[in-house]
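What the coordinates show
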2 protein chains.
Amino acid sequence: MKENFFENIKTNESSLPERTAEQISKLIIERRLTSEDKLPSEFELAELLHVGRGTVREGIKLLVARNVLEIRRGKGTFIASNPGEVPDPLGFTYYPDQFRLALDLAEIRSQLEPWVARMAAEHATEKNLDELRESCSVVEQDILNEQDHSKNDVLFHIAIAKCTQNLVVPKLIPIITYAVTLFVSLTESRLRTETIIGHREILEAIRDKDSRRAEQAMAQHIEYNRALLEEIIRKLKKEQAESSGTSL
Amino acid sequence: MKENFFENIKTNESSLPERTAEQISKLIIERRLTSEDKLPSEFELAELLHVGRGTVREGIKLLVARNVLEIRRGKGTFIASNPGEVPDPLGFTYYPDQFRLALDLAEIRSQLEPWVARMAAEHATEKNLDELRESCSVVEQDILNEQDHSKNDVLFHIAIAKCTQNLVVPKLIPIITYAVTLFVSLTESRLRTETIIGHREILEAIRDKDSRRAEQAMAQHIEYNRALLEEIIRKLKKEQAESSGTSL
């Protein structure tokens, strides 16, 4: 089984469009282009890289597929806002055992997120706290309006991660929160009540710069969710086993 | 700034090839296709998805670019080994401040990897231990042969992560080890000596199923690397400041 990401690059680099994509990518890095910047024209790139315009076009398509570039309708091709960040970067949707994936992610959350909350309490700025309060209240509104709060719940955890001032921690949250709400019915009133109370406790501890309390509140919040997830997966597995039993 | 991965999906989904890619992806998941499996033909897919063969071809290209599919020369289009896993999934190469990125990653490693070593000591199988021993000796051979050991060093840390039996932990290692060796000169004899000793200590603790010792040995190993990284980055920043001073 191929486990190392870096090996993939080599394989892909073989084709001409792939090598062209690689060169355009280098150009973006060297010229420090950002999402404010338009990509040089196909014509310029073809001249610069000594390839045909068709090849440039194929190279651009590859970089659009990987969210390095984005096409803004009627405006042209630009650098993406978070270049190279892709939805589902580890291919979780293709995992055959989504139950196990959810439990393994819950284990990582239990380890990582209490630390994130502690770091957040230590490093949050006033601006971070404003965003966190806002994010907390958006989740509460979702819950009170009986709407699916899962997306805004992830954003609340990202807002906490931003308080750490670590560039990468906020990027890890969407990965480790994948699948957590996949099996937990969001209409379960237990979950909804705990979410409101748990989030408030975490928010208050971070606001008070009480790192120990923030860590504990987060640990409790994550453990609650993990226990609920385990309970629900046990139930679903039992149902699956029974239904496959009757079909024999 | 767009921070949430999931938002990207919506934007991309607008084009027909993108929607076709999405449908092919669903088909892979529903039929539980693996890297053993060939993708159905363009003709079949066009019939099934009610789109033209040109659109199917564009959709396939998108999924190849994202490493969901791979073209095996002379054999056809197959599901990739680790579908959806891409090199540099968080777009680190595009970060403008690589120094800060490296330090932020080192902070995450300090928090995560000692826990990984502890879990490894608790859950390693005999097969895991064989792989770990082998991986440890490959790194030592690199060092003794005065070759760049960074790639095999990452593989050693992945081998430890596999001992945890958690599906996701091994996938996080290539992310958090990115950039760590970017500034640390691998020819520094201090680093090379510490790597051999540190890796052996971790290996022995995991072999002895001594989770506390494994955690401590890993913490020490990571802290050593982190201190060295900080020292080198301080030096590089000072050099940069001086050279930009003289150019004024």
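Everything here concerns the structure above.
First, a word on scope: everything that follows refers to the structure included in this document.

Calculation notes
Residues numbered from 1 in each chain as written. Chains lettered and ligands numbered in written order. Predicted model: local features only at pLDDT ≥ 70, side-chain atom pairs only at ≥ 80, totals over all residues. Heavy atoms only, no water. Contact = heavy atoms within 4.5 Å. Buried area = accessible area lost by both parts, 1.4 Å probe. Salt bridge = Lys/Arg side-chain N within 4 Å of Asp/Glu carboxyl O. Polar contact = N/O pair within 3.5 Å; in protein donor to acceptor, adjacent residues only side chain to side chain. Least-squares fit on C-alpha atoms with pLDDT ≥ 70 in both. Phe/Tyr/Trp six-rings, centres within 6.5 Å; stacked < 30°, edge-to-face > 60°. Helix = DSSP H or I, 4+ residues; strand = E, 2+ residues; numbered from the N terminus. Buried < 20%, exposed > 50% of the residue type's maximum accessible area, 1.4 Å probe, protein only. Axes fitted to C-alpha atoms, helices over the stretch in contact; angles between N-to-C directions. Parallel < 35°, antiparallel > 145°, perpendicular 65-115°, else oblique. Left-handed = near helix turned anticlockwise from the far one by under 90°.

Comments concerning the interface of chain B and chain A
- At the interface, 63 residues of chain B touch 63 residues of chain A.
- Both faces combined, the contact of chain B with chain A buries some 6,100 Å², and carbon together with sulfur accounts for 61% of it.
- Here chain B is connected to chain A by two salt bridges.
- For K61 of chain B, the salt bridge goes to E58 of chain A, with nearest N and O atoms at 3.1 Å.
- Counting the contacts that link chain B with chain A gives 14 residue pairs in polar contact (both at pLDDT 80 or more).

A short note on the relation of the copies chain B and chain A
- If you rotate chain B by 180° and push it 0.0 Å along the axis, it lands on chain A with an RMSD of 0.0 Å. Both copies of the chain, as the preceding transformation shows, are related through a two-fold rotation axis. Within chain B, P89 of chain B has its C-alpha nearest the rotation axis, a separation of 2.6 Å.
- The share of interface residues of chain B whose copies in chain A are also at the interface is 100%, consistent with both copies meeting through the same surface.

Focus: the packing of aromatic side chains
All names here are of chain A.
- For the coordinates displayed, the defined rule picks out four aromatic pairs over all chains.
- An angle of 45° between the planes, with centres 5.2 Å apart, marks the rings of F92 and Y178 as tilted. Of the two residues, F92 sits in the loop between β2 (76–79) and α5 (98–123) while Y178 sits in the loop between α8 (169–176) and α9 (189–207), which places them 86 residues apart along the sequence.
- Among the residues examined, F92 registers a relative accessible area of 2% and is labelled buried.
- Following the ring pairs from residue to residue traces out a cluster consisting of F92, Y95 and Y178.

Some thoughts on the packing of α5 of chain A against helix α7 (residues 150–163) of chain A
Residues and elements named next belong to chain A.
- One way to put it is that α5 packs onto α7 with a least axis distance of 7 Å and a crossing angle of 55°. Our classification of the angle between α5 and α7 gives oblique. Helix-helix and strand crossings are classified by hand; for α5 and α7 the assignment is left-handed. Between α5 and α7, the contacting residues are R109, E113, V116, A117, M119, A120 and H123 on the first element and H157, I160, A161 and C163 on the second.

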